[in-house]
Amino acid sequence: MKTTKSVNINPQPVLNNTQEKVGGLWQDVIKRLKKNKIAMFGAFIIGILLFTAVFAPFLSPHDPENGILTDRQQPPSSKYLLGTDSQGRDVLSRIIHGAGISVQIGVISVGIALIVGSLMGVLAGYYGKWMDVLIMRLVDIMLAFPTILLALAIVTILGPSLKNAMIAVGIVNIPRFARIVRSSVLSVKETEYIEASKAIGCTDIQIILRHVLPNCLAPIIVQTTLTIGTAILEAAGLSFLGLGAQPPMPEWGAMLADSRGYLRQAPWSVMFPGLAIMLTVLGFNLLGDGLRDALDPRLKE
Amino acid sequence: MLNYIIKRLLMLIPVLVGVSLLAFSIIHLIPGDPARIILGERATEASILALQEKLGLNQPLYIQFLTFLKNILKGDLGTSIITNEKVSYELLTSFAATLELTFVAMIIAIVVGIAAGTIAAIRQYSIFDNISMIGALVGVSMPIFWLGLLMIWAFAYKLGWFPASGRLDVALNVPRITHILLIDSLLNGNFQAFKNTLWHLAMPSLALATIPMAIIARMTRSSMLEVMKQDYIRTARAKGLPEKIIIFKHAIKNAFLPVITVIGLQVGLLLGGAVMTETVFSYPGLGRRLYIAIMARDYPVVQGGILLISVCFVLVNLIVDLTYSFIDPRIKLD
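Quick caveat: nothing in here was measured; it's all calculated off a predicted structure.

Rules and cut-offs
Residues numbered from 1 in each chain as written. Chains lettered and ligands numbered in written order. Predicted model: local features only at pLDDT ≥ 70, side-chain atom pairs only at ≥ 80, totals over all residues. Heavy atoms only, no water. Helix = DSSP H or I, 4+ residues; strand = E, 2+ residues; numbered from the N terminus. Buried < 20%, exposed > 50% of the residue type's maximum accessible area, 1.4 Å probe, protein only. Contact = heavy atoms within 4.5 Å. Areas by Shrake-Rupley, 256 points an atom, 1.4 Å probe, with all protein chains shown as cover. Lys, Arg positive; Asp, Glu negative; His and termini not counted. Charge placed at Lys NZ, Arg CZ, Asp CG, Glu CD. Core = buried A, V, L, I, M, F, W, Y, C linked by side-chain atoms within 4.5 Å. Domains from an automatic or database assignment. Buried area = accessible area lost by both parts, 1.4 Å probe. Salt bridge = Lys/Arg side-chain N within 4 Å of Asp/Glu carboxyl O. Polar contact = N/O pair within 3.5 Å; in protein donor to acceptor, adjacent residues only side chain to side chain. Nonpolar A, V, L, I, M, F, W, Y, C, P; charged D, E, K, R; others polar. Patch = residues over 30% accessible without salt bridge, like charges linked within 9 Å, V, L, I, M, F, W, Y side chains within 5 Å. Disulfide = S-S within 2.5 Å. Arc of directions from axis to C-beta. Axes fitted to C-alpha atoms, helices over the stretch in contact; angles between N-to-C directions. Left-handed = near helix turned anticlockwise from the far one by under 90°. Phe/Tyr/Trp six-rings, centres within 6.5 Å; stacked < 30°, edge-to-face > 60°. Lys NZ or Arg CZ within 6 Å of the ring centre and 35° of its normal. pLDDT = per-residue confidence, 0-100.

1. Quick notes on the overall build of chain A
Counting secondary structure elements, chain A contains 15 helices and 0 strands. Taking the principal axes of the C-alpha coordinates as reference, chain A spans close to 75 × 45 × 35 Å. Within the span of chain A, comprising 301 residues, buried residues form 51% of the whole. For chain A, long-range pairs separated by at least 24 residues make up 71% of all intrachain contacts whose partners lie at least 6 apart in sequence. Summed over all atoms, the accessible surface of chain A reaches about 14000 Å², with 64% contributed by carbon and sulfur. Distance between charge centres in chain A, computed from 26 positive and 20 negative side chains, equals 1 Å.

2. Here we look at the overall build of chain B
Along its length, chain B carries 13 helices and 0 strands. Its helices and strands in sequence order give chain B the pattern α-α-α-α-α-α-α-α-α-α-α-α-α, from N to C terminus. Across its three principal axes, chain B shows a C-alpha extent of roughly 85 × 55 × 40 Å. Within chain B, residue pairs in contact and separated by at least 24 positions form 70% of the contacts whose partners lie at least 6 positions apart. Taken as a whole, chain B presents about 16600 Å² of accessible surface, with 67% of it coming from carbon and sulfur.

3. Looking at the nonpolar core
Membership of the largest hydrophobic core comes to 152 residues, with the highest contact counts inside it found for Leu152, Phe240, Leu241, Trp252 and Ile277 of chain A together with Phe145 and Ile216 of chain B. Taken domain by domain, this core gets at least three of its residues from each of domain 1 (2–73) and domain 2 (87–327) of chain B. If we skip the residues at most four places from it in the chain, tryptophan 252 of chain A touches Leu49, Arg94, Ile95, Gly98, Ala99, Ser102, Pro273, Ala276, Ile277 and Thr280 of chain A. Formed by 12 residues, the second largest nonpolar core is a distinct cluster that contains Met224, Met228, Ile246 and Ala255 of chain B.

4. Re the interface of chain A and chain B
Counting residues at the interface gives 39 residues for chain A, matched by 41 residues for chain B. Summed over both partners, the interface of chain A with chain B buries about 3800 Å², with 80% contributed by carbon and sulfur atoms. Our enumeration of links across chain A and chain B arrives at 1 salt bridge. Linking chain A with chain B are 6 residue pairs in polar contact (both at pLDDT 80 or more). Broken down by secondary-structure element, the contributors of at least two residues to the side of chain A that touches chain B are helix H6 (129–143), helix H7 (147–158), helix H12 (217–240) and helix H14 (268–295) of chain A. Broken down by element, the side of chain A that touches chain B gets its largest block of residues, 11 residues, from H14 of chain A. Considered class by class, the residues forming the side of chain A that touches chain B number 28 nonpolar, 5 polar and 6 charged.

5. Section: the pattern of salt bridges
Think of it this way: side chains of opposite charge can pair up when their charged atoms draw near. Using the criterion set out here, one finds 16 salt bridges over all chains in the structure. Note that arginine 182 of chain A is salt-bridged to aspartate 132 of chain A, the shortest N-O span being 2.7 Å. One end of the pair, arginine 182 of chain A, is in helix H9 (residues 174–189); the other, aspartate 132 of chain A, is in helix H6, and 50 residues separate them in sequence. Residue classification places arginine 182 of chain A among the partly exposed residues on the basis of a relative accessible area of 22%. When its relative accessible area of 15% is taken as the criterion, aspartate 132 of chain A is described as buried. In this structure, arginine 221 of chain B engages aspartate 129 of chain B in a salt bridge whose closest nitrogen and oxygen atoms are separated by 2.7 Å. On the criterion of sequence distance, the pair formed by arginine 221 of chain B in helix H9 (residues 191–228) and aspartate 129 of chain B in helix H6 (residues 127–140) is long-range, its members being 92 residues apart. No difference in accessibility class separates arginine 221 of chain B from aspartate 129 of chain B, as the two residues are buried.

6. Regarding a nonpolar patch on the surface
Residues Phe51, Val54, Phe55, Phe58 and Leu59 of chain A make up a contiguous nonpolar surface patch of about 540 Å² in total accessible area. Within the element layout of this structure, phenylalanine 55 of chain A appears in helix H4 (residues 37–59).

7. Looking at helix H13 (residues 252–259) of chain A
Burial runs high along H13 of chain A: 6 of the 8 residues are buried. All of the buried residues in H13 of chain A are Trp252, Gly253, Ala254, Met255, Leu256 and Ser259 of chain A. On the buried face of H13 of chain A, the contacting elements are H4, helix H5 (91–127), H12 and H14 of chain A together with helix H7 (144–158) of chain B. Capping the start of H13 of chain A is the job of one residue whose side-chain oxygen sits 2.8 Å from the backbone nitrogen of glycine 253 of chain A: glutamate 251 of chain A.

8. As for the state of the cysteines
Covalent bonding between the sulfur atoms of two cysteines defines a disulfide. All names here are of chain A. With the rule as written, the count across this model stands at 0 disulfides over all chains. Cysteine cysteine 202 is unpaired, with the sulfur of cysteine 216 as its nearest cysteine sulfur at 16 Å. Using a relative accessible area of 23% as the deciding quantity, one classes cysteine 202 as partly exposed.

9. With respect to helix H3 (residues 45–55) of chain B
Residues three or four positions apart in an α-helix share a direction because the helix packs 3.6 residues into each turn. Residues and elements named next belong to chain B. Along H3, the positions that sit buried rather than exposed are Ile48, Leu51 and Gln52. Buried residues of H3, seen end-on, are gathered within an arc of 105° and therefore sit on one face of the element. For H3, the exposed residues set more than 90 degrees away from the buried face come down to Ala46, Leu49, Glu53 and Lys54. Those residues of H3 hidden inside the fold are in contact with helix H2 (34–39). At the C-terminal side of H3, glycine 56 shows a positive phi close to 70°.

10. Brief notes about the packing of H14 of chain A against H6 of chain B
Angle between the axes and distance between the axes: these two values describe a pair of packed helices. Where H14 of chain A contacts H6 of chain B, the two axes come as close as 8 Å, and the packing angle between them is 115°. Considering only the axes of H14 of chain A and H6 of chain B, their crossing is right-handed. Residues Met278, Leu282, Asn285, Leu286 and Asp289 of chain A of H14 of chain A form the contact with H6 of chain B, whose own contacting residues are Leu137, Val138 and Val140 of chain B.

11. Looking at the packing of aromatic side chains
This structure, assessed with the given rule, holds 7 aromatic pairs over all chains. The interplanar angle of 85° and the centroid separation of 5.2 Å between the aromatic rings of tyrosine 126 of chain A and tyrosine 127 of chain A together place this pair among those described as edge-to-face. The class of tyrosine 127 of chain A is partly exposed, set by a relative accessible area of 34%. Considering the side-chain rings of phenylalanine 155 of chain B and tryptophan 161 of chain B, the 5.8 Å spacing of their centres and the 25° angle between planes classify their relative orientation as stacked. Among the aromatic residues, those joined into a ring-pair cluster are Phe51, Phe55 and Phe58 of chain A. In this arrangement the basic side chain of arginine 264 of chain A is found over the ring face of tyrosine 157 of chain B, its NZ or CZ atom lying 3.8 Å from the centre.

12. Quick look at the confidence of the model for chain A
All names here are of chain A. Residues at a pLDDT of 70 or more form 90% of chain A, whose mean pLDDT is 85. At the level of individual helices and strands, chain A shows its lowest average pLDDT in helix H1 (residues 2–8), which scores 40, and its highest in helix H8 (residues 162–172), which scores 94. Every residue in residues 1–21 scores below 50 in pLDDT, and together they form 18 contacts with partners more than four places removed in sequence or on other chains.

13. Quick word on the domain arrangement of chain B
How big an interface is tends to be reported as the loss of accessible area on association of its parts. Residues and elements named next belong to chain B. Domain boundaries assigned for chain B yield domain 1 (2–73) and domain 2 (87–327). When each unit is reduced to the centre of its C-alpha atoms, the spacing between domain 1 and domain 2 is 32 Å. Contacts between the two partners involve 19 residues from domain 1, matched on the other side by 14 residues from domain 2. When the two sides are added together, the surface that domain 1 and domain 2 hide from each other amounts to roughly 1500 Å², 83% of it contributed by carbon and sulfur. If you sort the residues of domain 1 by the area they bury against domain 2, Arg8, Val19 and Ile26 come out on top, with a joint share of 29%. At the junction of domain 1 and domain 2, the tally comes to 0 salt bridges. On inspection of domain 1 and its partner domain 2, the count reaches 2 residue pairs in polar contact (both at pLDDT 80 or more). If you list the elements that add at least two residues to the side of domain 1 that touches domain 2, you get helix H1 (2–29), H2 and helix H4 (61–73). The dominant element in the side of domain 1 that touches domain 2, judged by the number of residues it contributes, is H1, at 13 residues. A class-by-class count of the residues in the side of domain 1 that touches domain 2 yields 17 nonpolar, 1 polar and 1 charged.

Below, the structure is given as structure tokens:
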């Protein structure tokens, strides 16, 4: 865990070696990304999400967990902008507090998938042979399950809670990273600068951390962005089924599960939390697509 | 070709063993004694011992796994703890319902997705292109359980056009032969039941179709755009072929390969996605049966359901791979 973690904050050695080329690449990427209006719209949504998550206590007009029972199932009004749910809780305040939970779900579950998946991909790609066969068979088995089903199975084993839902969503997304990192490692491994590093006596770990991984960064970044969206969606689904976040936590999927029985009486308490999930996922998908186009302009046309 | 099929089938063995190992593990990885958890806190020692005996939990682990495998091969998945029905029977009947739902959803997704993607590609940057591609982007990001709830609110509660749940009105019961109601009702010559089944299928299948429809539309569009740039399309235009023939005879066929990959992947994902849709619409399919089993800690049904869905998923993926070579002989399989 520790080693992979240091990779992301330590791409400097490469920057120093080939400063012009790498620096130029990232500047180009950002320039191209800024020109992509749709991607910037995605970034804007994510910006709002992060802002809401950080400043939730200051932004939310009411208590997210303790409602006023006499104000049950109030339609949207000036007092309750998005209405109240069956327990008299302000839907807007709950959505605002839910933003932080969604960010947490995205970061933790994708963090698990990223770290474990990249480690597996590097081991399989760099060392090859039986290690490759073993790891990729494992990945094949994981891919033999539809993701939601595998997540359901894992939560069944671990027991329903937000923490376990995040672990489950993390595990089901490991194969994506393992595959992408492995194929990038395979293409980098045969280059001359890796051969040169070997010739001057670098250890495997040095080569992997300083040369192989930084050069696989582009596909990893794209995949991470896209997977955060999917992860939030999958975790919300688990919570909706009652297998993730538990009431009264204002997690968006759990809010839908809470309000589902009152669809007829208080449709707003179903509409808005779902809209929040959709916009968040859309934001990550738009930015992810934009990043992919920006990192590989050949794909664009 | 035959060699490739045999090789792929052999490669399935470790995957299937892994899948059954995971299904088997579910009951053993839950913390604590499964029999005690299943029966709850107030169970007597005697009933716990009896259940342990019945589930074979008192035998060594490897023997339990081998017995499990042997029973699977015999088609015996045990009995449900809650309903006392045979798991294989329960799963197959609810699987028929899911197949029906998935089939209708897939038809909607393929027809609408390919049509929208093709038109969007031909009229690139037109209003239709923009609207359908924004629609597709939103569709991919859509939580289908939420979409399902919105559909129930709008079309069942507000407008009253479609039923909010179920498969068939109780009054119209047809004798079950295949358990696929669209077929059963036709076999019985009961067209009213056929129409009623379709009416019940409308909302869940549309909800289930949303994500694959969006993905298929995007894939078709980009694949068509790619093909329309090829030299042979320019040649076809240069020799004066009408645009219709160029599109239908030359472009679509070649643009289809990546679309087929996506369609195949979606079929598998639909089987999993059915868990959400069926729960929202109270549709008595495999996904909902599995969900009920998970909530009730009915482990034999959970094991069987996971096994069944994964085996289907793996087989669908294999069929997709094999289809390539039929459609595009340029692809070499090895």
